[in-house]
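# Working through the structure, step by step
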Amino acid sequence: MTDAAGVLTLVALVEFPAGAEAAGQRYEDAVLALLGRHGGHLDRRLRGTDGQAEVHVIRFDGRAGYESFLADPDRAALRGALGQSAPTTRVIEVREG
């Protein structure tokens, strides 16, 4: 949900395929580094104790930035390079309380 200031807040649940945890974490490192290009920033990055999942809290200046991030060709290339080892991500729009 976009707040009154236009900020879009998202929570992403990222799950890594078994045996591809390290590759998945490197992919997330690279993809999260692209956020700034699109008016986004990472508020929190939490790793599951089993190493198989991460939770990210991400904010964008607006919905257009999020859509631009999703369409970023560098992001697509990074994901394509992982093939079957790519993580599965569920994104939820959130708001305060």
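Residues numbered from 1 in each chain as written. Predicted model: local features only at pLDDT ≥ 70, side-chain atom pairs only at ≥ 80, totals over all residues. Heavy atoms only, no water.

## A short note on the overall build of the chain
In terms of helices and strands, the chain carries three helices and four strands. In sequence order, the chain lays out its α and β elements as β-α-β-β-α-α-β. Over its C-alpha atoms, taken along the principal directions, the chain stretches across nearly 40 × 30 × 15 Å. Of all intrachain contacts in the chain linking residues separated by at least 6 positions in sequence, the fraction that spans at least 24 positions is 69%. Surface exposure of the chain reaches about 5600 Å², of which carbon and sulfur atoms provide 53%. (Helix = DSSP H or I, 4+ residues; strand = E, 2+ residues; numbered from the N terminus. Contact = heavy atoms within 4.5 Å. Areas by Shrake-Rupley, 256 points an atom, 1.4 Å probe, with all protein chains shown as cover.)

## Comments concerning the sheet that holds strand 3 (residues 53–60)
Reading across from one edge, 2-3-1-4 is the order of the four strands in this open sheet, with antiparallel pairing throughout. Every other strand in the sheet has two partners, leaving strand 2 (40–47) and strand 4 (88–93) as the edge strands with one partner each. This sheet shows a mean twist of 20° between the axes of neighbouring strands, independent of strand direction. Relative to strand 3, strand 2 runs antiparallel, the two sharing seven bridges. The residue bridging R45 from the neighbouring strand is H56, located in strand 3. (Pairing = 2+ DSSP bridges. Axes fitted to C-alpha atoms, helices over the stretch in contact; angles between N-to-C directions.)

## A look at the pairing of strand 1 (residues 8–15)
Bridge count for strand 1 against strand 3 is eight bridges, and the pairing is antiparallel. The residue bridging V11 from the neighbouring strand is V57, located in strand 3. One ladder, built from six bridges, connects strand 1 with strand 4; its direction is antiparallel. Bridging from a neighbouring strand, L13 pairs with R90 of strand 4.

## Here we look at the side chain of R75
Inspection of the secondary structure puts R75 in helix 3 (residues 73–82). For the buried R75, no salt bridge exists, and the shortest N-O distance to an oppositely charged side chain is 7.7 Å, to E28. Once residues lying within four places of it in the same chain are set aside, the contact partners of R75 are Y27, V31, L34, F69 and L70. (Buried < 20%, exposed > 50% of the residue type's maximum accessible area, 1.4 Å probe, protein only. Lys, Arg positive; Asp, Glu negative; His and termini not counted. Salt bridge = Lys/Arg side-chain N within 4 Å of Asp/Glu carboxyl O.)

## Topic: helix 1 (residues 21–32)
Taking 1.5 Å as the rise per residue, helix 1 with 12 residues should run 16 Å; its terminal C-alpha atoms sit 16 Å apart, in good agreement. Residues of helix 1 that are buried in the fold lie against strand 1, strand 2, strand 3, helix 2 (63–70) and helix 3. (Expected span 1.5 Å × (residues − 1).)

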